[in-house]
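Listed here are the chains, written in short residue letters.
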Amino acid sequence: MAAAAVHEPEVIRDKAAMRAWSRRRRAEGKAVALVPTMGFLHEGHLSLVSAAVAASAGPVAVVVSIYVNPSQFAPTEDLATYPSDFAGDLGKLAATGVVAAVFCPPDLYVRGSADRPSAASASGGAVSCLEDAGGHAHETWIRVERLEKGLCGSSRPVFFRGVATVVAKLFNIVEPDVAVFGKKDYQQWRVICRMVRDLDFAIQIVGSEVVREADGLAMSSRNVNLSEEDRKKALSISRSLVDARTATLSGSNRSQEIKDQIVRTITEAGGQVDYVEIVEQESLVPVERMDRPCVICVAAWFGKVRLIDNIEIHVDSSTVLSI
Ligand SMILES: Nc1ncnc2c1ncn2[C@@H]1O[C@H](COP(=O)(O)OP(=O)(O)OP(=O)(O)O)[C@@H](O)[C@H]1O
Ligand SMILES: CC(C)(CO)[C@@H](O)C(=O)[O-]
Ligand code: BAL
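Residues numbered from 1 in each chain as written. Chains lettered and ligands numbered in written order. Predicted model: local features only at pLDDT ≥ 70, side-chain atom pairs only at ≥ 80, totals over all residues. Heavy atoms only, no water.

To keep things clear, this is the line we draw: UniProt positions are given in the numbering used here, feature names are shortened, and annotations may be inferred rather than shown by experiment.
Per an unreviewed UniProt entry, the protein chain carries the name Pantoate--beta-alanine ligase and comes from Zea mays. Regarding the protein chain, the relevant UniProt record gives this comment under Subunit (unreviewed entry): "Homodimer." The Pathway (unreviewed entry) comment attached to the protein chain in UniProt states, word for word, "Cofactor biosynthesis; (R)-pantothenate biosynthesis; (R)-pantothenate from (R)-pantoate and beta-alanine: step 1/1."

**Thoughts on the pairing of strand 9 (residues 305-313)**
This is how it is decided: Exposure classes here rest on a 1.4 Å probe applied to the protein chains alone. A residue is buried below 20% of its type maximum, exposed above 50%, and partly exposed in between. The helix count covers DSSP runs of H or I at least four residues long, the strand count covers runs of E at least two residues long, and both are numbered beginning at the N terminus. Note on pairing: DSSP must find at least two bridges between two strands before they are called paired.
Of all nine residues making up strand 9, nine are buried, and the element is well covered by its neighbours. Side-chain alternation along strand 9 places Val305, Leu307, Asp309, Ile311 and Ile313 on one buried face and Arg306, Ile308, Asn310 and Glu312 on a second face that is also buried. The pairing of strand 8 (residues 294-302) with strand 9 spans nine bridges and is classified as antiparallel. Within the sheet, the bridge partner assigned to Ile296 lies in strand 9 and is Ile311. Connecting strand 8 to the antiparallel partner strand 9 that follows it, the hairpin turn spans two residues, and Gly303 within it adopts a positive phi of roughly 60°.

**Observations concerning the packing of aromatic side chains**
Using the following cut-off: To pair, rings of Phe, Tyr and Trp, with the six-membered ring standing in for Trp, must have centres within 6.5 Å; the planes then decide the type, stacked if under 30 degrees apart, edge-to-face if over 60, and tilted in the middle. A positively charged side chain is recorded as over a ring if its NZ (Lys) or CZ (Arg) lies within 6 Å of the ring centre. The angle to the ring normal must also be within 35 degrees.
By the definition in use, this model includes four aromatic pairs. Centre to centre, the rings of Phe73 and Tyr82 are 6.1 Å apart; their planes meet at 75°, and the pair counts as edge-to-face. Residues Phe73 and Tyr82 agree in their burial class; the two are buried. Where Phe171 meets Phe201, the ring centres are 5.5 Å apart and the plane angle is 75°; that geometry is what we call edge-to-face. Here Phe171, found in helix 7 (residues 159-174), pairs with Phe201, found in the loop between helix 8 (186-198) and strand 6 (204-208); they are 30 residues apart in sequence, far enough to count as distant. When its relative accessible area of 18% is taken as the criterion, Phe201 is described as buried. Directly above the aromatic system of Phe73 lies the positively charged group of Arg156, at a separation of 5.6 Å from the ring centroid. In this arrangement the basic side chain of Arg161 is found over the ring face of Trp141, its NZ or CZ atom lying 3.8 Å from the centre.

**A look at the site of ligand 1**
Put simply, the rule reads: For this purpose, a residue is taken to be near a molecule or strand whenever a single non-hydrogen atom of the residue falls within 4 Å of it. Two N or O atoms count as a polar contact when they lie within 3.5 Å, although within protein this holds only if one can serve as hydrogen donor and the other as acceptor, and sequence-adjacent residues are included solely when both atoms are side-chain atoms. Only the protein chains shown count as cover for residues, with accessible areas throughout obtained via the Shrake-Rupley method and a probe of 1.4 Å.
Close to ligand 1 lie 20 residues, the nearest being Lys184, Asp185, Ser220, Ser221 and Arg222. Measuring from an oxygen atom of ligand 1, one finds a side-chain N or O atom of His45 at 2.9 Å. Within the contact set of ligand 1, a nitrogen atom lies 2.8 Å away from a backbone nitrogen or oxygen of Val211. In isolation ligand 1 has 590 Å² of accessible area, and contact with the protein removes 95% of it. Breaking the shell around ligand 1 down by element, the ones donating at least two residues are strand 2 (31-37), helix 2 (43-55) and strand 5 (178-182). When residues of the shell around ligand 1 are assigned to their parent elements, the largest contribution, three residues, is made by helix 2.

Next up, the structure:
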């Protein structure tokens, strides 16, 4: 992002105050653009801020939300070790010069008492860190029923339910005109697009390109939890994706062969593959032959860190290799 004058964003912690703030900006004739995040910000997040500004034709008030949403983490996942640096985040957002407000609520859910069972436990359903903490008072969930299955949904059974629900809550609180999501979390972006379409949210969803480190590793807050050795091994993901795209553009279009090669590359580097799938870009339906626009999606473990990445393949265009 180009250097801009430092501008301290207003920090808002309260839902009602956030909604009132947005409505005031609207009354001033500004569009409101929301960038939802879980904090520990990096250049990938800041690129979403730039995309938010670019997506709005006229004056825009950009809001970045920072909230580590417990309902998208299963109790076995890494909620407790998710990195945070609120002061650092604020500094980075101020340095963009274009973020008007940061919404960082202490909690977004109505909690119940721990001595009564949660709705999910009572019904034998999947349980997230929210219910685990005795959050039975919240029991309304958004399910994007087909798109939430497969890919990350297979190994993270409560993830998309939690994401769709918290994003809908953020939309109701911030009331944005535009919301920006990174294509690094490809399935998440598609799930949100489908939720917005199906539930008639009057919000334009922007999908923003993956931002990478100079050596190709997709930027991710969790990268900080990689050991130096695992970080080197993790480069096998982007390397295997670039090789796959090269192979595809040279005429090799059988998905199984491409997937096998990616699994080999990551496994030989010392990673543990969660999944490698090649799917249609919008429907996320698996393809046997890569003869239409598709996306190769990967999730793999390096030590205790699970990373995701993907590459879109436009077989019918002369794609420039950029990573
Ligand atoms: N490298 C990146 N390029 C583009 N967008 C990104 C990138 N990393 C994260 N984003 C986007 O930023 C938004 C907030 O994501 P989040 O705060 O979970 O960060 P993250 O780096 O994806 O963290 P995690 O380590 O949990 O994957 C999401 O829309 C996500 O897709
Ligand atoms: C969209 C999101 C902010 C919802 O908690 C989160 O899943 C993320 O940061 O990608
Ligand atoms: N960016 C995705 C958030 C998560 O993995 O929980």
